[in-house]
Amino acid sequence: FSFAHLTIQEFLASVYICLLPQQEQQRLLNEYFKAYPNVFTFLCGVTGLRHVEMYESIHLKLTSRDDVVVALKCIFEAKCKPLSAAFFTLDMSHKTVLAYDCLCVSYFLSCYPVSQLKMWSCHMGDKGAEMLLKHISNEVTSSLLLELVNLSGNDLTAVGMEHVMKIVRTSSATLRELDVSYNEIGDGMVSVITEHLQHNNVLTKLNVGYCGLSVRGASCLGELLKVNNSLKELMMSLNEIGDEGVLSVCEGLQCNKTLTKLDIRSCGISVKGATYISQALMGNQTLLELWMGDNKIGDDGISAIAATLNSSSVRKLDVMSCDITIFGVKCLSTTLSTNQNIRELWLYGNDIKVDGARLITQAAVDNGKCERVFFGGEYENDDVVKKLRNILADRERQNASNKGSSKDDDGTKQKPLEELPQQQPVQMASQNDNTRSDT
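For every chain, the first residue of the written sequence is number 1, and numbering continues from 1 onward in sequence order. A pLDDT threshold of at least 70 governs which residues receive local features in this predicted model, and a stricter bar of 80 or more applies before side-chain atom pairs are shown or counted, although totals over entire chains, interfaces and linings include all residues. Computation of side-chain values: all heavy atoms of the structure, hydrogens and water removed.

Enquirer: Please give an account of the packing of helix 10 (residues 215–227) against helix 11 (residues 242–255) that cites residues and values.
Expert: Between helix 10 and helix 11, the least distance of the axes is 7 Å, while the angle of their chain directions is 5°. Between helix 10 and helix 11, the angle is such that the two are roughly parallel. Judged by residue contacts, Val 215, Ala 218, Ser 219, Gly 222, Leu 225 and Lys 226 of helix 10 engage Glu 244, Gly 245, Ser 248, Val 249, Glu 251, Gly 252, Leu 253 and Cys 255 from helix 11. Whenever a helix is involved, its axis is fitted only over the stretch in contact; in every case the axis is a line through C-alpha atoms, and angles between N-to-C directions fall within 0 to 180 degrees. Helix numbers and strand numbers start at the N terminus; a helix is a DSSP run of H or I with at least 4 residues, a strand a run of E with at least 2. In this scheme, roughly parallel covers angles under 35 degrees and roughly antiparallel covers those over 145, while 65 to 115 is roughly perpendicular and the rest are oblique. Residue contacts are defined here by distance: any two heavy atoms, one from each residue, within 4.5 Å place the two residues in contact.

What follows is the structure, given as structure tokens:
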């Protein structure tokens, strides 16, 4: 056996359970699975999960994030094969894993149809990433159908990322979201990622935030934007790319026709970089969200961006903690009062004073389209600001009501509730809840 943490007590306990009647085995499994996980790991190895009831109970544990690590060990030791073709969401987020745990994940990926692999903040390290590939041989790589891979916060370096890229390549026909943020993979591995994605028409979301990128990494991402036709969201915050790096990204943005969200928060951008961004906005008509908070662009920087907002498609603008004062807000307010695109504006952490908060909120009300303006702190407690923000809130509710009642997602008129056909609920015990907030 290849059991982890072998102890004679746990082994004898598993043998004892194996000799019990099937019904009693099932009762113990349900009652003590969490309390004595290693016993049941042994039991799976001893019995090979011959009893269907036990087998299904182990699979049910995959729907609980608390039990999923133990369930994977059981499946690995028993060398289980899937009972059905239902796709799994394998979610082990926030569970610190060992190399052995990653080995069990590897076996599961090689045998089971997994559409989403969520292992963010698992701290697997490079050795864990290596173990993920142990059971993914050449014979089965074509069966990987991953649509989402989230390995954020796993203490990976360029060495570990080399292993991850093998998984990415084997899922290139289906993979739509890749998140490797908060891993010090550096410019070299980002270059490998972008090279792979240059001719990829499937991936839509890429997160390389806090990956130790510099100007070189930003240049690779800029070149990717020039040729890629599928990427819709690019998150690269918390990388010190500076003005030179953002210039490369902006050059790519001017050529790109698909990107809708760009996150360049905390990237060491100054007024010069803000000028590059404003020029890129003039030549791009697809970008809907621009997140560039915590860059010290100041009043001159926001003025340059405000001057081109009316010719852009941006709907959400984040300029939090950007050293903006009331002078910069005046320029932004002038643009906002006539802009027909902006729906959300984030201004937290800027010293705009109460007068600036009133000015920008009034401009948002006057423009007839804007729904949200965020300041934080004392500005939101001002009576005038409160009154104006209530108007924006009413507008947002009304717009949401109009969208929900008039049109369906495909643009067709909705039927009354009584005319809609009733569908029977589909129960998929293997499908985990895959919702979570953005990193």
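Enquirer: Go over helix 15 (residues 353–367) with me, naming the residues and quoting the values.
Expert: One less than the number of residues in a helix, times 1.5 Å, gives the span that helix is expected to have. The first and last C-alpha atoms of helix 15 sit 22 Å apart over 15 residues, in line with the 21 Å expected at 1.5 Å per residue. Only protein chains enter the calculation, and the probe is 1.4 Å; a residue is then buried if its accessible area is under 20% of its type maximum, exposed if over 50%, and partly exposed in between. Looking only at helix 15, the buried set comprises Gly 356, Ala 357, Ile 360, Thr 361, Ala 363, Ala 364, Val 365 and Asn 367.

Enquirer: How would you sum up the nonpolar core? Please name residues and give values.
Expert: Soluble, globular proteins show a tendency: their nonpolar side chains are buried together. To qualify as a nonpolar core, a set must consist of buried Ala, Val, Leu, Ile, Met, Phe, Trp, Tyr and Cys residues joined through side-chain atoms within 4.5 Å. Counting residues in each nonpolar core, the largest one holds 120 residues, and the members touching the most others are Met 119, Leu 206, Ile 264 and Leu 290. In this view, Leu 206 contacts Leu 178, Ile 193, Leu 197, Leu 221, Leu 224, Leu 231, Glu 233, Leu 234 and Met 235; residues no more than four positions away in its chain are not counted.

Enquirer: Tell me what's going on with the sheet that holds strand 11 (residues 372–374), and back it up with residues and numbers.
Expert: Two modes of strand pairing occur in sheets, parallel and antiparallel, and in both the strands are linked by backbone hydrogen bonds. We treat two strands as partners when DSSP finds at least two bridges between them. Strand order across the open sheet formed by eleven strands is 1-2-3-4-5-6-7-8-9-10-11, with parallel pairing between neighbours. Only two strands of the sheet have a single partner each, and these edge strands are strand 1 (88–91) and strand 11. Each adjacent strand pair in this sheet contributes to an overall mean axis angle of 5°, direction not counted. By the bridge criterion, three bridges tie strand 6 (residues 233–235) to strand 7 (residues 261–263) in an arrangement that is parallel. Looking at strand 7, one finds that Leu 234 is bridged to Leu 262.

Enquirer: Any chance you could break down a nonpolar patch on the surface for me, citing the residues and the numbers?
Expert: On the surface, a nonpolar cluster with roughly 280 Å² of combined accessible area is contributed by Tyr 182, Tyr 210 and Leu 238. Structurally, the position occupied by Leu 238 is in the loop between strand 6 and helix 11. Judged by its relative accessible area of 34%, Leu 238 falls in the partly exposed class. Each patch is assembled from residues with relative accessible area greater than 30% and no salt bridge, linking like charges that lie within 9 Å and nonpolar side chains (Val, Leu, Ile, Met, Phe, Trp, Tyr) that lie within 5 Å. Methods summary: accessible areas were calculated by the Shrake-Rupley approach with a probe of 1.4 Å, and residue burial reflects only the protein chains presented. By salt bridge we mean one thing: a side-chain nitrogen of Lys or Arg within 4 Å of a carboxyl oxygen of Asp or Glu.

Enquirer: Could you give an account of the pairing of strand 1, with specific residues and numbers?
Expert: Neither face of strand 1 is open: one carries Phe 88 and Leu 90, the other Thr 89 and Asp 91, and all of them are buried. Pairing of strand 1 with strand 2 (residues 114–118) involves four bridges; the strand directions are parallel. Looking across to strand 2, one finds that Leu 90 is bridged to Leu 117. In this fold, strand 1 hands off to helix 6 (residues 99–111), which returns the chain to strand 2; that crossover is right-handed. If you view a crossover with the strands going away from you and the path from the first strand over the helix to the second runs clockwise, you call it right-handed.

Enquirer: Which residues make up the pattern of salt bridges, and what are the values?
Expert: Close approach of charged atoms allows side chains of opposite charge to pair. A complete count under the given rule lists 15 salt bridges for this structure. The salt bridge involving Lys 127 is made with Glu 130; its shortest N-O contact spans 3.7 Å. Here Glu 130 and Lys 127 lie together in helix 7 (residues 125–131), a separation of three residues that amounts to about one turn. Given a relative accessible area of 48%, Lys 127 falls into the partly exposed group.

Enquirer: Describe the packing of aromatic side chains, naming the residues involved and giving the relevant values.
Expert: Stacked, tilted and edge-to-face are the three classes assigned to paired rings of Phe, Tyr and Trp, where Trp is represented by its six-membered ring and a pair needs centres within 6.5 Å; plane angles under 30 degrees give stacked, over 60 edge-to-face, the rest tilted. By the definition in use, this model includes ten aromatic pairs. Taking 5.2 Å as the distance between ring centres and 85° as the angle between the ring planes, the aromatic pair formed by Phe 88 and Phe 108 counts as edge-to-face. With Phe 88 in strand 1 and Phe 108 in helix 6, this residue pair connects regions lying 20 residues apart in the sequence. Judged on exposure class, the residue Phe 88 and its partner Phe 108 are both buried.

Enquirer: Account for helix 12 (residues 271–282), naming residues and giving values.
Expert: Spanning twelve residues, helix 12 covers 17 Å between terminal C-alpha atoms, matching the ideal 16 Å at 1.5 Å per step. Along helix 12, the positions that sit buried rather than exposed are Gly 273, Ala 274, Tyr 276, Ile 277, Ser 278, Ala 280 and Leu 281. Here the buried face of helix 12 lies against helix 11, strand 8 (289–291) and helix 13 (298–309).

Enquirer: Give me the environment of Trp 120: which residues, what numbers.
Expert: Relative to the assigned elements, Trp 120 resides in the loop between strand 2 and helix 7. Among the residues examined, Trp 120 registers a relative accessible area of 15% and is labelled buried. It is 9.2 Å that separates the C-alpha atoms of Trp 120 and Val 149, two residues lying 29 residues apart in sequence. Side chain to side chain, Trp 120 and Ser 93 meet in a polar contact 2.5 Å long. Two N or O atoms count as a polar contact when they lie within 3.5 Å, although within protein this holds only if one can serve as hydrogen donor and the other as acceptor, and sequence-adjacent residues are included solely when both atoms are side-chain atoms.

Enquirer: Please set out the pairing of strand 2 residue by residue, giving values where relevant.
Expert: For strand 2, a buried count of five out of five residues is recorded, marking the element as mostly surrounded by other parts of the structure. Here strand 2 pairs with strand 3 (residues 148–150) via three bridges, running parallel. Among the inter-strand pairings, Lys 118 is bridged to a residue of strand 3, identified as Asn 150.

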